[in-house]
Amino acid sequence: ATCRTTMFLQEDMVPAFLKEVRDSTVCYFIPLVVENLLMEMASSSLRRQASEFEMSGVQRLLSVFSDAQLQLATDLTVRKAEHFSQLLLFGQSYDVKGKSFSDFLLQDDQPRFLHFMQQALEASSKTESPPASTLHVTLRGASCEVRAELFHSFIPGACGISGHLIGVCEGGTRQPLADQDVLPELPDLH
């Protein structure tokens, strides 16, 4: 009878022992998982704040020495523009948002601009913080050509590049547009 009682107690103890091991394991690993999750969230938040701070600094710098500033999406459409319409003599009511930036370049400069952006993108894949770069172009305004220097910097995002910052510095005299270079969809100013 003693043997049976000992075996009976041992059989009852196995599930209790396994339950204890399971509970101990859960109690040990859950805090680790939560801690890692919180650390990742904090790290992500700090990276986002650092990239926002970096972008803010670049924007302040561009606003000091450039005549116009643009934020472009990764597809090179204009997200935000400051003083760009005025620089090209469109007036404040002309909205450039959503338009492709290359549409504001003379036809000869469009492939050069796309190549310039491709080179910048390739450079960014080789380094975490690619250097700013410049390109001389001619912009098409409402009735004139504007020679300009473009200053480019990436807008960092949580998962890589989320866009581009472009500073535009006017460089030289304005020339009347040739007829073939007139932009489509000019606003009616009357």
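Preceding this paragraph is the structure being described.
Please read all numbers here as calculations on a predicted model, not as lab measurements.

Chemist: Which residues make up the overall build of the protein chain, and what values do they have?
Modeler: Summing up its helical and strand segments, the protein chain has 3 helices and 5 strands in all. Tracing the protein chain from N to C terminus, the helices and strands come up as α-β-β-α-α-β-β-β. The buried share of the protein chain, taken over its 190 residues, is 29%. Expressed as a percentage of contacts within the protein chain between residues at least 6 apart in sequence, the contacts between residues at least 24 apart total 54%. Counting every atom, the protein chain has about 12,600 Å² of accessible surface; 59% of that belongs to carbon and sulfur.

Chemist: How would you summarise the pairing of strand β2 (residues 78–82) if you had to cite specific residues and measurements?
Modeler: Pairing analysis gives 4 bridges linking strand β1 (residues 68–72) to β2, with the strands arranged antiparallel. Residue pairing across strands places Leu70 opposite Ala81, the latter belonging to β2. Following β1, the chain reverses through 5 residues before pairing antiparallel with β2; Leu76 in that reversal takes a positive phi of roughly 70°.

Chemist: Requested: an account of unusual backbone geometry, with residues and values cited.
Modeler: The phi angle of most residues is negative, glycine excepted, and most peptide bonds adopt the trans form. With a phi close to 70°, Leu76 is a non-glycine residue in the positive phi region. Note that Leu76 resides in the loop between β1 and β2. Even without being glycine, His83 reaches a positive phi, approximately 70°. Relative to the helices and strands, His83 resides in the loop between β2 and α2 (84–87). Taking relative accessible area as the criterion, His83 reaches 46% and is therefore assigned partly exposed.

Chemist: Explain the packing of aromatic side chains to me, and be specific about the residues and the numbers.
Modeler: Per the counting criterion, the structure on display carries 5 aromatic pairs. Chaining the aromatic ring pairs together yields one cluster made of Phe84, Phe90, Tyr94, Phe101, Phe104 and Phe113.

Chemist: Hey, could you go over the nonpolar core for me, with residue numbers and the actual values?
Modeler: Soluble globular proteins: nonpolar side chains tend toward being buried together. One finds Leu70, Leu72, Phe84, Phe101, Phe113, Leu139 and Val168 to be the most contacted residues of the largest nonpolar core, which totals 26 residues. For this core, the secondary structure elements donating two or more residues are β1, α2, α3 (109–126), β3 (133–140), β4 (144–157) and β5 (160–176). Ranked by the residues each element gives to this core, the list is headed by β4, at 4 residues. Setting aside anything within four residues of it in sequence, one finds Leu139 in contact with Phe84, Leu87, Leu88, Phe101, Phe104, Leu105, Cys144, Glu145, Val146, Ala148 and Val168.

Chemist: Lay out α3 with the relevant residues and their values.
Modeler: Under the 1.5 Å per step criterion, the end-to-end length of α3 is 26 Å for 18 residues, consistent within 8% with the ideal 26 Å. Inspection of α3 places Asp109, Phe113, Phe116, Met117, Ala120 and Ser124 among the buried residues, and these make up the whole buried set. Looking down the long axis of α3, one finds its buried residues gathered within 95° of arc, a one-sided arrangement. Residues of α3 that are exposed and angled more than 90 degrees away from the buried face: Pro111, Ser125 and Lys126.

Chemist: Which residues make up a nonpolar patch on the surface, and what values go with them?
Modeler: Together, Val26, Ile30, Val34, Leu37, Leu38 and Met41 make up an exposed nonpolar region whose accessible area comes to about 560 Å². With respect to the helices and strands, Leu37 occurs in helix α1 (residues 2–65).

Parameters at a glance
- Residues numbered from 1 in each chain as written.
- Predicted model: local features only at pLDDT ≥ 70, side-chain atom pairs only at ≥ 80, totals over all residues.
- Heavy atoms only, no water.
- Helix = DSSP H or I, 4+ residues; strand = E, 2+ residues; numbered from the N terminus.
- Buried < 20%, exposed > 50% of the residue type's maximum accessible area, 1.4 Å probe, protein only.
- Contact = heavy atoms within 4.5 Å.
- Areas by Shrake-Rupley, 256 points an atom, 1.4 Å probe, with all protein chains shown as cover.
- Pairing = 2+ DSSP bridges.
- Phe/Tyr/Trp six-rings, centres within 6.5 Å; stacked < 30°, edge-to-face > 60°.
- Core = buried A, V, L, I, M, F, W, Y, C linked by side-chain atoms within 4.5 Å.
- Expected span 1.5 Å × (residues − 1).
- Arc of directions from axis to C-beta.
- Patch = residues over 30% accessible without salt bridge, like charges linked within 9 Å, V, L, I, M, F, W, Y side chains within 5 Å.
- Salt bridge = Lys/Arg side-chain N within 4 Å of Asp/Glu carboxyl O.

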